[in-house]
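Read off the chains here:
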Amino acid sequence: MPQLIDSKQEDGNGSVVSELALVGPEGRVGFRGLFENKFLLGISLFSTLGGFLCGYGLGVLSNVLAIESFGAKFPEIYVNAKLKIGRKVCIICNAVIFLLSSSLQAGATSPIYLFAGCAVAGLASGSLTHVVPMYLAEISSAKIRGSLVSLQQLAMVFGTLVSYWIAYGTSHIGGTRCAPKIPYTGTLPNGSLVFNPYTDVPPGGCTGQTQASWRVPLAFQILPALCLAIGMLFMPYSPRWLVEQGREEEALETLSRLRRKPAEDCSVRTEFLEIMAEVRFAREVMKAAYPDAGPARQIINKYLVFVSSWPKAKRIAIGCLITTSQQNMGVNTLIYFLPTLFGQLGLDPNTTSLIGTGVYGIVNVLGTLPAIVLVDSVGRRPVLISGAAGCFICLAIVGSLITVYGKDWPEHVVAARIAIVFVFLFNVMFSYSWAPMGWVITSEIFPLHLRSTGMCITTSTLWASNFAAGIFAPTMGGIGCFISAVLSLVALFSAIFQIPETKGLTLEEIDPVFRDNSTDSQREHKEGICRELGLPDRAL
């Protein structure tokens, strides 16, 4: 362990106090504080390429599925589209997986290659959304942690937006139609003619739109994945992970680089010792609870410990509640409702796609920006409460309009326009609140030795909820809006009465918020470790 000399000085009463005890909060809070440490901001922005990749991967295939030359190549898919390494190294591995998946998708010559690429990309997406927020939370300081982790959500929605506009642009390569001289024979329920990949393709393939129209947007994923995989080789490890691995000297050096201060600086020393105390305490408690556990049993124990006490069970319950609410508060319901509404109003498919996906995506990106400004200044709970209340109101209004006027929108154009306004207003409310908070809060509420396991559970819950919402949301209509409104109300009361405020706290200071380590023996044990390491009483 590196040698840290705790210098002393006298206070006004002649008492000797530790220099560490004199360390107070430093730097600006939230958005303004982001630009005080441009090195940390740069690392965070680069790391969110993982979020960009995930958002791009989620959006690109849905856009490619609407391209006619893709339908000509894969008609069966076109007509039935429903068919210990550390945080840093984990991001690199997932970027490499994305390279593989992007290559499989872009070079696909049969459906099996396309599905294999999607499956591989899904593995990488799930893992990146697990590890990137955790990495950002662990390298950031308490005053800007929420803003930095919110960049993950901004990167994801920006990636989805970029995927749309790239696919929209490449869909014009060779023209927007597969065979301009062959009339459409497919029909929609409202009688409109559409492309049928089985009957509207000439014997030799498309004569207009080329295969580059869909291969290019799929191949584009290779570029950010390659940048992420190579760039992360030069990024620092999480200092908390380094301490957990017993690499204290490297951890202190890394923490010093991240804070842009010398290792002897009091604030750096205090933060480092708090991490050391947390790691040592967790290790000793787990060893005392499971003295004879082997490597496999140790992994299992990290899951079992979440049901060993109410404070830890509460952490995982709150984490899963937030991620489940994020996916079931109406965002999926309204995404499916908007194109249906545009279609019933008689808008052509290109206009529907442009407004329903392109413009909606722009609003999504712009709506996420307030989260970066507000989360560390006003706090997590006010953002969640206001967002849930706004989502509830919007969903109740849209659900009522669908119930009353949804059977004949063309005869009630004013009602349809009001519904569209509140759909976009919902997008803003959701984008600045529950969307980014799903990453922020889950990345900070777990203790270091359980953080990876806890985020594994909450991230799995998120994607399982996303999968379920994708199955049921398209068929629910107005009822779906009312169900989502009720779930938004549940989320509102949860934010008021259950979700704690973590603004301004270091990751090591969050235990008392959940009243964890609350027994007398545990408190005394941790206080003993802190004193042994030289931490002041205020850190206990």
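Given the structure is predicted, the values throughout are model-derived calculations rather than measurements.

As a further point, take the confidence of the model for the protein. With 79% of its residues at a pLDDT of at least 70, the protein reaches an overall mean of 80. Looking across the protein, the model is least confident in strand β2 (residues 16–18), with a mean pLDDT of 43, and most confident in helix α18 (residues 380–405), with 93. Under a pLDDT of 50 for its full length, residues 3–18 has, in the predicted model, 26 contacts with residues more than four places off or in other chains.

Here we come to the state of the cysteines. Considering all chains together, one arrives at 1 disulfide under this definition. One disulfide in the model links C178 with C206; its S-S distance is 2.1 Å. Around the S-S axis, the bridge from C178 to C206 shows a dihedral of about -100 degrees and counts as left-handed. Placement of C178 in the loop between α8 (145–170) and β3 (186–187) and of C206 in the loop between β4 (193–194) and α9 (212–219) is noted, with a sequence separation of 28 residues between them.

The first and last C-alpha atoms of helix α19 (residues 413–431) sit 27 Å apart over 19 residues, in line with the 27 Å expected at 1.5 Å per residue. The set of residues buried in α19 consists of A415, A416, A419, I420, V423, F424, F426, N427, F430 and S431.

Before going further, it helps to examine the pattern of salt bridges. Scanning all chains against the criterion turns up 13 salt bridges. One network of salt bridges, in which partners are shared, links R145, D376, R380 and E444.

On the surface, W165, I362, L366 and L369 cluster together into a nonpolar patch covering about 350 Å² of accessible area. A per-element tally of the nonpolar patch places helix α17 (residues 349–374) first, with 3 residues. According to the relative accessible area criterion, L366 is exposed, its value standing at 52%.

Residue position: L218 is located in helix α9. C-alpha of L218 to C-alpha of S163: the two residues are 55 residues apart in sequence and 8.9 Å apart in space.

Moving on, we get to unusual backbone geometry. Residues other than glycine seldom take positive phi values, yet R260 does so here, at roughly 60 degrees. Structurally, R260 can be placed in the loop between α12 (248–259) and α13 (266–289).

It is worth spelling out the nonpolar core at this point. L334, W409, F426, W434 and I499 are the most contacted members of the largest nonpolar core, which totals 63 residues. The biggest single contributor to this core is α18, with 9 residues. Each residue touching W434, except ones within four places of it in the same chain, is listed here: I322, S325, Q326, M329, L384, G387, A388, A491, A495 and I499. In terms of nonpolar packing, the next biggest core, distinct from the first, is built from 34 residues, L34, L53, L151 and M235 among them.

What follows concerns α13. The terminal C-alpha atoms of α13, which comprises 24 residues, lie 34 Å apart, in line with the 34 Å expected from a rise of 1.5 Å per residue. Most of α13 sits inside the fold, with 17 of its 24 residues counted as buried.

Attention now moves to the packing of aromatic side chains. Throughout the structure, instances matching the rule amount to 13 aromatic pairs. An angle of 70 degrees between the planes, with centres 6.3 Å apart, marks the rings of Y184 and F195 as edge-to-face. In this pair, Y184 sits in the loop between α8 and β3 while F195 sits in the loop between β4 and α9, placing the two residues 11 residues apart along the sequence. A residue is classified by how much of its surface remains accessible, and Y184, at 23% relative accessible area, is partly exposed. Across from the ring centre of Y184, 4.0 Å away, lies the NZ or CZ of R177, which sits over that ring.

Okay, the side chain of R315 next. Its location among the elements puts R315 in helix α15 (residues 310–328). Here R315 falls in the buried class, since its relative accessible area comes to 1%. Those residues in contact with R315, other than ones at most four positions away along the chain, are I445, F446, P447, D511, F514 and D516.

Moving on to the packing of helix α2 (residues 38–47) against α12. The relative placement of two packed helices comes down to the angle between their axes together with the axis-to-axis distance. One can describe the packing of α2 onto α12 by two numbers: an axis separation of 7 Å at closest approach and a directional angle of 100 degrees. By the angle class used here, α2 and α12 are roughly perpendicular. Two secondary-structure elements touch here, α2 through F39, L40 and I43 and α12 through R257, L258 and R259. A class-by-class count of the residues in the contact of α2 with α12 yields 4 nonpolar, no polar and 2 charged.

Basis of the calculations
- Residues numbered from 1 in each chain as written.
- Predicted model: local features only at pLDDT ≥ 70, side-chain atom pairs only at ≥ 80, totals over all residues.
- Heavy atoms only, no water.
- pLDDT = per-residue confidence, 0-100.
- Helix = DSSP H or I, 4+ residues; strand = E, 2+ residues; numbered from the N terminus.
- Contact = heavy atoms within 4.5 Å.
- Disulfide = S-S within 2.5 Å.
- Expected span 1.5 Å × (residues − 1).
- Buried < 20%, exposed > 50% of the residue type's maximum accessible area, 1.4 Å probe, protein only.
- Salt bridge = Lys/Arg side-chain N within 4 Å of Asp/Glu carboxyl O.
- Patch = residues over 30% accessible without salt bridge, like charges linked within 9 Å, V, L, I, M, F, W, Y side chains within 5 Å.
- Areas by Shrake-Rupley, 256 points an atom, 1.4 Å probe, with all protein chains shown as cover.
- Core = buried A, V, L, I, M, F, W, Y, C linked by side-chain atoms within 4.5 Å.
- Phe/Tyr/Trp six-rings, centres within 6.5 Å; stacked < 30°, edge-to-face > 60°.
- Lys NZ or Arg CZ within 6 Å of the ring centre and 35° of its normal.
- Axes fitted to C-alpha atoms, helices over the stretch in contact; angles between N-to-C directions.
- Parallel < 35°, antiparallel > 145°, perpendicular 65-115°, else oblique.
- Nonpolar A, V, L, I, M, F, W, Y, C, P; charged D, E, K, R; others polar.

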